[in-house]
Amino acid sequence: DNNGELNTDFYNTIYFPPSSIFRFSGNTNTDISQSITGTNTATFFDRLEIAKGGGYLQLKHWVLQVYSEVRFISGLFDLNSNALYLMSSQNSNHAGAFLSGESELSRITGGLVVALSRNLPANSTTDPANLGLVISTVDCKNINIYRGHIPRTGNIGNGTSISRYYDITHGGWTGVNCNDS
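Residues numbered from 1 in each chain as written. Predicted model: local features only at pLDDT ≥ 70, side-chain atom pairs only at ≥ 80, totals over all residues. Heavy atoms only, no water.

**Student:** So what's going on with the side chain of His149? Residues and values would help.
**Tutor:** Turning to its location among the elements, His149 is positioned in strand E13 (residues 140-153). A distance of 3.0 Å separates a polar side-chain atom of His149 from the backbone oxygen of Gly111. Among the polar contacts made by the side chain of His149, one reaches the side chain of Arg147 at a distance of 3.2 Å. (Helix = DSSP H or I, 4+ residues; strand = E, 2+ residues; numbered from the N terminus. Polar contact = N/O pair within 3.5 Å; in protein donor to acceptor, adjacent residues only side chain to side chain.)

Here's what the structure looks like:
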């Protein structure tokens, strides 16, 4: 569990090994930041848990890659205009990293979530990486899905909301097309 801040100065990468779980918990806000001193700097988690009872987790200046799961227990995960990459799996029995437990009260805000290189089987209906987009496929290969969050201010009241958008790119498909629903 990490109740404070994860601030690192390092060269190139930080890697948390397979089957490890890194949990951010507690009732205060937590920042993940780094001072980049090399090129190709990235941080890799196998499983990341957000359990912020009274605060949020904010990503600052990272390339963050997750290989198995981002689990929401409580609190917000503010990407702060950065990107979270849900990596594809080298294991043919595993579809790749995914989001779990995301809800209105415990979710991602302010950035881009990328699900890389998904193969969607023929004649299936699926929500790849649990990004909230159900896709009916003919036979889509090497699909990359980008979910972004754009804050909007409404004309009624002073509140703001989150507007999600999706971009889907592909490395090729064998059927007629890939349809969203």
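**Student:** Kindly report on the nonpolar core, identifying the contributing residues and their values.
**Tutor:** Among the nonpolar cores identified, the biggest contains 29 residues, and Leu48, Phe77, Leu84 and Leu86 are the most heavily contacted of them. Listing elements by their share of this core, those giving two or more residues are strand E3 (21-26), strand E5 (42-59), strand E6 (63-78), strand E7 (83-86), strand E10 (112-120) and E13. Aside from chain neighbours lying at most four places away, what touches Phe77 is Leu48, Ile50, Leu57, Leu59, Leu64, Phe72, Leu84, Arg107, Ile108 and Thr109. (Core = buried A, V, L, I, M, F, W, Y, C linked by side-chain atoms within 4.5 Å. Buried < 20%, exposed > 50% of the residue type's maximum accessible area, 1.4 Å probe, protein only. Contact = heavy atoms within 4.5 Å.)

**Student:** Describe in detail the packing of aromatic side chains, supporting the description with residues and values.
**Tutor:** Under the counting rule described, the total for this entry stands at two aromatic pairs. For the pair Phe22 and Phe45, a centre-to-centre distance of 5.3 Å together with 50° between the ring planes defines the contact as tilted. Note that Phe22 is positioned in strand E3 and Phe45 in strand E5, a separation of 23 residues in sequence. Relative accessible area serves as the criterion here: at 17%, Phe22 is assigned to the buried category. The buried category is assigned to Phe45, whose relative accessible area is 1%. Ring pairing ties together the aromatic residues Phe22, Phe24 and Phe45, which thus form one cluster. (Phe/Tyr/Trp six-rings, centres within 6.5 Å; stacked < 30°, edge-to-face > 60°.)

**Student:** So what's going on with the side chain of Glu69? Residues and values would help.
**Tutor:** Structurally, Glu69 can be placed in strand E6. Within the structure, Glu69 has its side chain in polar contact with the side chain of Ser100 (distance 2.5 Å). If sequence neighbours within four positions are ignored, Glu69 has contacts with Asp46, Arg47, Leu48, Ala97, Phe98 and Ser100.

**Student:** How would you sum up the environment of Phe98? Please name residues and give values.
**Tutor:** Tracing the backbone shows Phe98 in strand E8 (residues 98-100). When near neighbours in sequence (up to four residues on either side) are disregarded, Phe98 contacts Ser68, Glu69, Val70, Leu86, Ala129 and Asn130.

**Student:** Lay out the pairing of E6 in plain terms, naming residues and giving numbers.
**Tutor:** The pairing of E6 with E7 spans four bridges and is classified as parallel. What sits directly across from Leu64, in E7, is Leu84. Where E6 meets E8, three bridges bridge the pair, whose relative direction is parallel. What sits directly across from Glu69, in E8, is Phe98. (Pairing = 2+ DSSP bridges.)

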